[in-house]
Amino acid sequence: MNLQEQASNDSTKPVRILDMQKRALLFSWLTFLVVFLGCRIVTPTVQPVPSSSPTPTSTETATPAPTPTPLDTPTPVPVATLTETVFATVTETLDAFDVRVHPDGGLFVGDLVSFEVIAPPGPMPQEQEIMISIAGGEELARTSFDAFGIADRRQATFRWVWDTSGLEPGKYTIEFALLPTGEAFTRTYTLLPASLMQFPEPDASWAVAESDCCLVYYITGTAADRDLQFLLDTADLEAESTATQLGGVFEDPITIVFLPRVLGHGGFAGNEIYISYLDRNYAGNNPAQVIHHEMVHILDSRKGGEVRPSIFVEGLAVYLSGGHFKQEPIIPRTSAVLDQGMYIPLAELTNDFYFAQHEISYLQGAALIEYMVRTWGWEAYEAFYRSITPQENGTQIDAIDAALLANFDLTFAELEANFIEFLNEQPVDRSASEDVRLSVYFFDTVRRYQQLLDPSAYFLTAWLLGITEMVETGIVADYVRHPALLGNIALEIMFVTADRALRSGDFVETEALLDSVNLVLDDYERDPAQAFYNDPTATDYLTLVHAAMEAGYDPQQVFPGSDSAVVYGLQGSNELVELRWNKIETGWEYAE
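The rules behind these values
- Residues numbered from 1 in each chain as written.
- Predicted model: local features only at pLDDT ≥ 70, side-chain atom pairs only at ≥ 80, totals over all residues.
- Heavy atoms only, no water.
- Helix = DSSP H or I, 4+ residues; strand = E, 2+ residues; numbered from the N terminus.
- Expected span 1.5 Å × (residues − 1).
- Buried < 20%, exposed > 50% of the residue type's maximum accessible area, 1.4 Å probe, protein only.
- Contact = heavy atoms within 4.5 Å.
- Phe/Tyr/Trp six-rings, centres within 6.5 Å; stacked < 30°, edge-to-face > 60°.
- Lys NZ or Arg CZ within 6 Å of the ring centre and 35° of its normal.

Visitor: Looking at this structure, I do not really get helix 15 (residues 486-503). What am I missing?
Guide: Each α-helix turn comprises 3.6 residues. Residues three or four places apart therefore point the same way. Counted at 1.5 Å a residue, the expected span for helix 15 with its 18 residues is 26 Å, and the 26 Å between its end C-alpha atoms agrees. Within helix 15, 18 of the 18 residues are buried, which leaves the element mostly enclosed by the surrounding structure. Looking at the residues trailing helix 15, positive phi occurs at G505, about 85°.

Written out as structure tokens, the structure is:
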């Protein structure tokens, strides 16, 4: 379900082979970088407030293969050889501090650059500050260390402190000095010429559209721009459905920001909703499902409650959305979790929800709510939920216990015992069981990839910036740009293919692809130069992606076969182009 909308293309448009000198120059610059870095429209049905299990809010449908009009026969291109950079160059860390730079995926002249200086493990003096400056030149900024992200990672965050406008392309050394001790270390960064920015930069800008429910922000030239009407219609349907379920109204417009890169698992909600929307969405999501989930969070928050434990907050969003990342039978899948020995005790989930295994924690939270609604009804459940109040010198579990005793005359431990007994009574659905196991495997692998090769996307410490500041400054690079070398693209496309296989019920193909991805990541951790070359499937994807890139395309999705493949790519616009390749002994060649 990664291709949210089918694209149509002008069948008379000639293929433009990318200026190879320009591409060669780009890859030579990238070698020196040290940063790590369609479907049918889903039509939800408006629901009444649930009295037991809610009717799904969106219809999950299999994603048909995208069918853009093929181009005229292109000029043949030579079979690619793997000579360009597969992953960004890794340099040895000379000190205990990890420094991350934004935008990800390369810096260009004209960027406003941000830095995250991540403190090493262990205590630090509260008064510890850090100053950054151009080596031998002006001070850029100074700040103290503070908690960052869901993980409360200790770091000094410098947002948009280095203005590179007017600088010459080349290497620049930045000095980081700890205060008051004066200890210092440096990092060297390469500024690429602005002329080498790839589509949709440098013309991309923030734009806003209004629907009945929402103010929708997007970046021009992206997939969200292409599919804007679909997204506006989807937002209106999901807002109406959510309001009906929760018995409330969205009095003020909901702000939704569509991001052209993956952050976390594809959705965040605070005062606004942030959703990843792109053709190469390696975290795989259904936009209607994610919109509904995040809208539940907003309306739930507005309805209030003194204590709203995360297990109920996230469980409610999954329950009212009819599933987490897709439509799914919540009780049978949670029964499968218990059957496979993956069940997480509810006290553990309550105390540390976001650090538990992500897919299981969300599913168990939703199943617990569904069980309570089935047992006592929706109105009784919501009365309990809104009545949770803090207990003097007590924990969240103490607060839940008090509310359960007041509303249902039982404790949290007794509720869990009844819940487990109920799950054990359910017949085990072997297909659901396998789907759950592979869903956990899929997202654990996604998070492993993010931590190694796209760390700014990792959900506990994602680089998520507020839309107000972004629009006021006109900055789009922090979201448009992301790690996109050969290795990143090949792995992300393997994730897209694995997600498509999982949603279609092809469990064998799903597991094989995830095994291949993990083998690449294993090799990357040992020796980045050897990654991709110990697994034939991974080598095949890398070679095919390279061939498409040499032909001047940014590959988004691949539909592989034994001796041929269809690639959907972008070339200077947000319209997908269909490319067909035949496998030959030395790699891949364009199919005339």
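Visitor: Hey, could you run me through the environment of S516 in this one?
Guide: Take S516: it is sitting in helix 16 (residues 507-526). For S516, a relative accessible area of 4% corresponds to the buried category. Each C-alpha atom of the pair S516 and P536 lies 8.5 Å from the other, and the pair is 20 residues apart in sequence. When near neighbours in sequence (up to four residues on either side) are disregarded, S516 contacts M494, D535 and T537.

Visitor: Teacher, can you tell me more about unusual backbone geometry here?
Guide: Most of the time, phi is negative for any residue but glycine, and the peptide bond is trans. H102 connects to P103 through a cis peptide bond whose omega is 5°. Relative to the helices and strands, P103 resides in the loop between strand 1 (98-102) and strand 2 (107-108). For D152, which is not glycine, the phi dihedral falls at a positive 55°. Mapped onto the elements, D152 comes out in the loop between strand 6 (146-148) and strand 7 (153-163). Exposure remark for D152: the relative accessible area of 52% places this residue in the exposed category. Not every positive phi belongs to a glycine, and D409 is a case in point at roughly 60°. Structurally, D409 can be placed in the loop between helix 10 (396-408) and helix 11 (412-424).

Visitor: Got a minute to help me understand the packing of aromatic side chains in this structure?
Guide: Each aromatic ring pair is described using two quantities: the centre-to-centre distance and the angle formed by the ring planes. Tallying each qualifying case throughout the model produces 31 aromatic pairs. For the pair F97 and F145, a centre-to-centre distance of 6.0 Å together with 40° between the ring planes defines the contact as tilted. One end of the pair, F97, is in the loop between helix 1 (20-30) and strand 1; the other, F145, is in the loop between strand 5 (139-144) and strand 6, with 48 residues separating them in the sequence. Accessibility expressed as a relative area gives 11% for F97, which makes it buried. Three or more aromatic residues joined by ring pairs make a cluster, and in this case those are F97, F115, F145, W162, Y172, F176, F185 and Y189. For R159, the ring lying beneath its charged end belongs to W160, and the centroid distance is 5.9 Å. Over the ring of F559 we find R500, and its NZ or CZ is 3.7 Å from the ring centre.

Remember, this is a structural readout, not a statement about activity or role.
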